[in-house]
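A look at the structure
Single-letter residue listing:
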Amino acid sequence: MILGIIGCGAIGSDIALFADELDDIETIYLYDKVKEAENRLAGRIKKGRIARDIDELIERSDVVFECASQEAVYQYSEKVLRAGKDLVIMSVGALLDDELRERLAGIAKEKRCKIYLPSGALCGIDGISAARIGGLSEVTLVTTKPPESFGRKDEERVVLYHGPAREAVKLFPQNINVAACVSLAGIGSDKTEVKIVSDPVAARIHHKVLAHGRFGRLRAEVENMPNPKNPKSSYLASLSAMAILKRIIDPIQIG
Ligand SMILES: NC(=O)c1ccc[n+]([C@@H]2O[C@H](COP(=O)([O-])OP(=O)(O)OC[C@H]3O[C@@H](n4cnc5c(N)ncnc54)[C@H](O)[C@@H]3O)[C@@H](O)[C@H]2O)c1
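Every chain's residues receive numbers from 1 upward, in the order its sequence appears when written. In keeping with the model being predicted, local features are shown solely for residues with a pLDDT of at least 70 and side-chain atom pairs are shown and tallied solely at 80 or more, while totals for entire chains, interfaces and linings include all residues. Based on all heavy atoms of the structure, the side-chain values leave hydrogens and waters out of the count.

All right, on to the nonpolar core then. Residues Leu122, Ile128, Leu141, Val182, Val194 and Val209 are the most contacted members of the largest nonpolar core, which totals 29 residues. Only runs of H or I of at least four residues qualify as helices and only runs of E of at least two qualify as strands under DSSP, and these elements are numbered from the N terminus. Sorting the residues of this core by element identifies helix H6 (125–134), strand E7 (136–145), helix H7 (165–171), helix H8 (176–185), strand E9 (193–198), strand E10 (205–213) and strand E11 (216–224) as the ones contributing at least two each. Residues in contact with Val194, not counting those within four places in the same chain, are Leu141, Tyr161, His162, Gly163, Ala165, Ala168, Asn175 and Ala179. Leu3, Leu22, Ile28 and Phe65 belong to the second largest nonpolar core, which has 26 residues in total. Among buried residues, those of type Ala, Val, Leu, Ile, Met, Phe, Trp, Tyr and Cys that are joined through side-chain atoms within 4.5 Å constitute a nonpolar core. For every residue, the accessible area (1.4 Å probe, protein chains only) is compared with the maximum for its type, and the residue is labelled buried under 20%, exposed over 50%, or partly exposed between those bounds. Contacts are residue-level and defined by heavy atoms, with any inter-residue pair within 4.5 Å sufficient.

The next thing to look at is the pairing of E11. Each pair of strands is called paired provided DSSP finds at least two bridges between the two strands. As paired strands, E10 and E11 are joined by nine bridges and run antiparallel to one another. Residue pairing in the sheet places His206 in a bridge with Glu223 of E11. Hairpin connection, E10 to E11: the antiparallel pair is bridged by two residues.

This brings us to the state of the cysteines. In what follows, a disulfide is any cysteine sulfur pair within 2.5 Å. The full count for this structure, using the stated rule, is zero disulfides. In this structure Cys67 is not part of a disulfide, and its nearest cysteine sulfur, from Cys8, lies 8.4 Å away. A residue is classified by how much of its surface remains accessible, and Cys67, at 11% relative accessible area, is buried. Cysteine Cys113 shares no disulfide, and the gap to the nearest cysteine sulfur, in Cys67, comes to 17 Å.

What follows covers the pattern of salt bridges. Each reported salt bridge corresponds to a side-chain nitrogen of Lys or Arg within 4 Å of a carboxyl oxygen of Asp or Glu. Scanning all chains against the criterion turns up 20 salt bridges. A salt bridge links Lys46 to Asp20; its shortest N-O distance comes to 3.8 Å. Of this pair, Lys46 sits in the loop between helix H2 (35–42) and strand E3 (48–50) while Asp20 is found in helix H1 (residues 10–20), placing the two residues 26 residues apart along the sequence. Overall, Asp20 belongs to the buried group, its relative accessible area being 4%. The closest approach of N and O atoms between Asp250 and Lys246, which form a salt bridge, is 3.7 Å. On the accessibility criterion, Asp250 (29% relative accessible area) is partly exposed.

In this section: the site of the ligand. The ligand sits among 25 residues. The nearest are Asp32, Ser69, Gln75, Ser91 and Ser233. Any pair of N or O atoms that falls within 3.5 Å is considered a polar contact. Within protein, one atom must be able to donate a hydrogen and the other to accept it, and sequence-neighbouring residues count only if both atoms are side-chain atoms. One of the backbone nitrogen or oxygen atoms of Ala68 is found 3.5 Å away from an oxygen atom of the ligand. Within the contact set of the ligand, an oxygen atom lies 2.6 Å away from a side-chain nitrogen or oxygen of Ser91. Calculation of accessible area relied on Shrake-Rupley with a 1.4 Å probe; when residues are assessed, cover is drawn exclusively from the protein chains displayed. Protein coverage of the free-state accessible area of the ligand, which is 870 Å², stands at 82%. Looking at the shell around the ligand, the elements that each hand over two or more residues are H1, helix H4 (70–82) and strand E13 (230–234). Top contributing element to the shell around the ligand by residue count: H4, with four residues. Being near a molecule or strand, for a residue, means having at least one of its heavy atoms within 4 Å of it.

This paragraph deals with the sheet that holds E10. The five strands lie next to each other as E8-E9-E7-E10-E11, forming an open sheet whose pairing is mixed. The sheet is open, and its two edges are formed by strand E8 (158–164) and E11, each paired on a single side. Mean inter-strand twist for the sheet, computed between neighbouring axes without regard to direction, equals 10°. Bridge count for E8 against E9 is six bridges, and the pairing is antiparallel. In the sheet register, Val158 faces E9, and the bridge partner there is Ser198. Its contacts with the sheet place H8 against E7, E9 and E10, and it is angled at close to 165° to E7. Angles here are taken between N-to-C directions and fall from 0 to 180 degrees, while the axes themselves are lines fitted to C-alpha atoms, restricted in helices to the stretch in contact.

Moving on: the sheet that holds strand E5 (residues 86–89). Strands sit in the order E3-E2-E1-E4-E5-E6 across an open sheet of six strands; the sheet is parallel. Only two strands of the sheet have a single neighbouring strand rather than two, namely E3 and strand E6 (115–116). Sheet topology places strand E1 (residues 2–6) next to strand E4 (residues 63–66); four bridges connect them, and they run parallel. By the bridge assignment for E4, Ile5 is matched with Phe65.

Most of strand E2 (residues 27–31) is tucked away, with five of its five residues classed as buried. Residue alternation in E2 divides its side chains into two sets, Thr27, Tyr29 and Tyr31 and Ile28 and Leu30, and both sets are buried. Assessed by its sense of winding, the connection that carries the chain from E1 through H1 to E2 is right-handed. Bridging between E2 and E3 involves three bridges; their strand directions are parallel. Bridge pairing in E3 links Ile28 to Gly48. Note on handedness: a crossover is taken as right-handed if, strands pointing away from the viewer, the path from the first strand over the helix to the second is clockwise.

Written as structure tokens, this is what we have:
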């Protein structure tokens, strides 16, 4: 399988290094708007090739990973899907744009390819997706961070926001990928509640997903270590992208 990676930053590098060790991966095409980032990553992997441009990356790859930015999702997704290639999107927040999401889903259906959205820095997305089929009455995402993460000096727990996910991502754009992921898996960004909390007791970024529905009740919590390559990214986000790659390759699918 030939892999294409758009974005050679923290997540793109983690995926490339992982894929480089997999027998099923033949070649890894790299593309970044910053040439230095492409060169740096290409120098660290055995199977890496720098794509001449985005068109070459798309043409040569079987699966394309977007690990760049929301801007990149707008720029390249349609091209990838029109070429009939599967696409993994890390900058999930872009898909809260209903017009973009529906347009991309329509192209993927027409071209018989898939758009994969990794669970990112969250746990419990598998449960939310399954529970949605039987009917979900409530989904809440509670994100708790140390005050410094918000540039604050709180000495006690402060709820900074409580309301719909669609509004939360405008006020706290750094929360956009997790809010988008839980919303898209469940009941959408107007019905999903988001709570954002500054807590001096918190040592790490903590996400809690709570859901009620016909299935029963769900509570999934994760405390994330930062990605050593980019402290703003959780390491679990990279691991979830690697898990999607395994899912694409492996004959046995779990969950
Ligand atoms: N789904 C999740 O839970 C989750 C978690 C963390 C990060 N993310 C998202 O994944 C993306 C990558 O994160 P990262 O930590 O690797 O970031 P990063 O800043 O370490 O790397 C991004 C790389 O992409 C390149 N890039 C950006 N826009 C581009 C464009 N339009 N065309 C080509 N190259 C472009 C940059 O030059 C940079 O090298 C971000 O959008 C981030 O928000 C998602």
